[in-house]
Amino acid sequence: MTTKFRPLHDRVLVRRIAANEKTAGGIIIPDTAKEKPQEGEVIAAGSGLRSETGTVTPLEVKTGDRVLFSKWSGTEVTLDGEELLVMKESDIVGVVEAA
């Protein structure tokens, strides 16, 4: 059974993108020295930020966007055995676009 998850308001669901296992010089990085990646793919996005007057400002990120986020962003959740992050759009630093 697949769990469906719909973030509310200005929250997004992000899957971390695995970091490289080697440096540019070819040195293999051991698991103990690796940091969690700060890049991910948006899996789901909420409807937008609701103001006090009730108007909704849509999010700038959308499902499928590749994003960078700060190191301590979001809350880790496990859905269907996969570790994901739920974070506010304001925790996202930017969208990575293909050249």
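Coordinates for the structure precede this section.
Residues numbered from 1 in each chain as written. Predicted model: local features only at pLDDT ≥ 70, side-chain atom pairs only at ≥ 80, totals over all residues. Heavy atoms only, no water.

J.: Sorry if this is basic, but what is going on with the overall build of the protein here?
T.: From N to C terminus, the protein includes zero helices and eight strands. Listed N to C, the secondary structure of the protein is β-β-β-β-β-β-β-β in terms of helices and strands. Looking at the protein as a whole, 24% of its 99 residues are labelled buried. Within the protein, counting contacts between residues at least 6 apart in sequence, those at least 24 apart form 60% of the total. Put simply, the protein shows about 7,300 Å² of open surface, and 53% of that area lies on carbon and sulfur atoms. (Helix = DSSP H or I, 4+ residues; strand = E, 2+ residues; numbered from the N terminus. Buried < 20%, exposed > 50% of the residue type's maximum accessible area, 1.4 Å probe, protein only. Contact = heavy atoms within 4.5 Å. Areas by Shrake-Rupley, 256 points an atom, 1.4 Å probe, with all protein chains shown as cover.)

J.: Can you walk me through unusual backbone geometry in this structure?
T.: Phi is mostly negative for residues that are not glycine, and the peptide bonds are mostly trans. A positive phi angle is found at His 9, which is not glycine, with a value near 55°. Note on placement: His 9 falls in the segment before strand E1 (11–16). Overall, His 9 belongs to the partly exposed group, its relative accessible area being 36%. Backbone geometry places Asp 80, a non-glycine residue, at a positive phi of 55°. Among the structural elements, Asp 80 can be located in the loop between strand E6 (75–79) and strand E7 (82–88).

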